[in-house]
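Report on the structure
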Amino acid sequence: MSRIVAGLAGGSKLLSVPGDGTRPTTDRVKEALFSRLEAMNMLAGTRVLDLYAGSGSLGVEAASRGADSVELVEFHERAAAVCQRNAELVNKVLGGKVVSVQRSRVETFLARAAEAGVDQWDLVFMDPPYPLSERDLSLVLELLGPRLSPFAVVVVERSARTPEPIWPPALQRLAEKKYGETRLWFAEPNATP
């Protein structure tokens, strides 16, 4: 069972998605990731988007640590239901609706956000299924690019054996870090796309 590591809801136990259809981010990776994001001042007061959310553990961790709003986007029914329960748990601790859940395909969600002129996100987590092709991941990153604030950070979690994502012109690589079988890729908006 996963937990929220720190913040107002720190120590709260999170529900996990039953079965083997999702890969929860390990506590070790989550602690390292959020330590880095806090050092970058990327949590307090931010608008967060968690794509391919699974259980929503990254998004609710961001909410616990001070994000202003978090959207969890998950298509699969069982995972979206777990996201909803974890969002309700964190919202109750925080005393308001900080975390919301959108049951949608990521591409559809981003296309609707563009059509609606949705405000920009400051921090985006992407932990797509390993079978998602590099081409499909690149298309999602391309849809995401225009919806980012100027100082946003995008974190892509992949298998350590997959190549670096193909960054669209609107994004550039910021850093990468390997943790066992997991690799985190960090990107930021390209100042000159």
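To be clear, the structure that these remarks concern was listed above.
Residues numbered from 1 in each chain as written. Predicted model: local features only at pLDDT ≥ 70, side-chain atom pairs only at ≥ 80, totals over all residues. Heavy atoms only, no water.

**Quick look at the sheet that holds strand β1 (residues 47-51)**
The mixed open sheet is built from 7 strands, whose spatial order is β3-β2-β1-β4-β5-β7-β6. Of all the strands in the sheet, the pair left with one neighbour each is β3 (99-103) and β6 (171-179). Across the sheet, the axes of successive neighbouring strands diverge by a mean angle of 15°, strand direction being ignored. The pairing of strand β4 (residues 121-126) with strand β5 (residues 148-159) spans 5 bridges and is parallel. Each bridged residue has a counterpart across the sheet, and for Val124 the counterpart in β5 is Val154. (Pairing = 2+ DSSP bridges. Helix = DSSP H or I, 4+ residues; strand = E, 2+ residues; numbered from the N terminus. Axes fitted to C-alpha atoms, helices over the stretch in contact; angles between N-to-C directions.)

**A few points about the pattern of salt bridges**
For the structure on display, the rule yields 10 salt bridges. Among the ionic pairs, Arg3 bridges to Glu31, the shortest N-O distance being 3.4 Å. With Arg3 in the segment before α1 (27-39) and Glu31 in helix α1, the pair connects residues that are 28 residues apart, well separated along the chain. Exposure remark for Arg3: the relative accessible area of 29% places this residue in the partly exposed category. (Salt bridge = Lys/Arg side-chain N within 4 Å of Asp/Glu carboxyl O. Buried < 20%, exposed > 50% of the residue type's maximum accessible area, 1.4 Å probe, protein only.)

**Regarding unusual backbone geometry**
Most peptide bonds take the trans configuration, and most residues that are not glycine carry a negative phi. Residue Asn41 is not a glycine yet carries a positive backbone phi of 60°. For Asn41, the position within the fold is in the loop between α1 and β1. Its identity as a non-glycine residue notwithstanding, Tyr52 has a phi of 55°, on the positive side. Here Tyr52 is to be found in the loop between β1 and α2 (57-64). Classification of Tyr52 by relative accessible area gives buried; the value is 15%.

**Details of the packing of aromatic side chains**
Applying the stated criterion across every chain, the model contains 2 aromatic pairs. Measuring from centroid to centroid gives 5.6 Å for Phe34 and Phe125, while their planes differ by 45°, and the two rings are tilted. One end of the pair, Phe34, is in helix α1; the other, Phe125, is in strand β4, and 91 residues separate them in sequence. The exposure class assigned to Phe34 is buried, which follows from its relative accessible area of 0%. Across the ring face of Phe186, the terminal group of Arg36 is positioned such that the distance to the ring centre comes to 4.5 Å. Here the basic side chain of Arg103 rests over the ring of Phe75, its NZ or CZ set 5.6 Å away from the ring centre. (Phe/Tyr/Trp six-rings, centres within 6.5 Å; stacked < 30°, edge-to-face > 60°. Lys NZ or Arg CZ within 6 Å of the ring centre and 35° of its normal.)

**Things to note about α2**
In terms of burial, α2 is largely enclosed, as 8 of its 8 residues are buried. Among the residues making up α2, those that are buried are Ser57, Leu58, Gly59, Val60, Glu61, Ala62, Ala63 and Ser64.

**Focus on the pairing of strand β2 (residues 69-74)**
A large share of β2 lies buried, amounting to 5 of its 6 residues. Alignment of β1 against β2, held across 5 bridges, turns out to be parallel. Residue pairing across strands places Asp50 opposite Leu72, the latter belonging to β2. Of the crossover connections in this fold, the one passing from β1 over α2 to the parallel β2 is right-handed. (Right-handed = clockwise from strand over helix to strand, strands pointing away.)

**A closer look at the pairing of β5**
A large share of β5 lies buried, amounting to 10 of its 12 residues. At this point the chain moves from β4, through helix α5 (residues 134-144), to the parallel β5, and the crossover so formed is right-handed. Pairing analysis gives 6 bridges linking β5 to strand β7 (residues 182-189), with the strands arranged antiparallel. Each residue of the ladder has a partner; that of Glu157, found in β7, is Leu184.

**Regarding the nonpolar core**
Among the nonpolar cores identified, the biggest contains 32 residues, and Leu33, Leu37, Leu72, Val99, Phe125 and Val155 are the most heavily contacted of them. In this view, Leu37 contacts Met42, Leu43, Leu123, Phe125, Val153 and Val155; residues no more than four positions away in its chain are not counted. Val106, Phe109, Leu144 and Val154 belong to the second largest nonpolar core, which has 24 residues in total. (Core = buried A, V, L, I, M, F, W, Y, C linked by side-chain atoms within 4.5 Å. Contact = heavy atoms within 4.5 Å.)

Worth remembering: the numbers are spatial, not functional.
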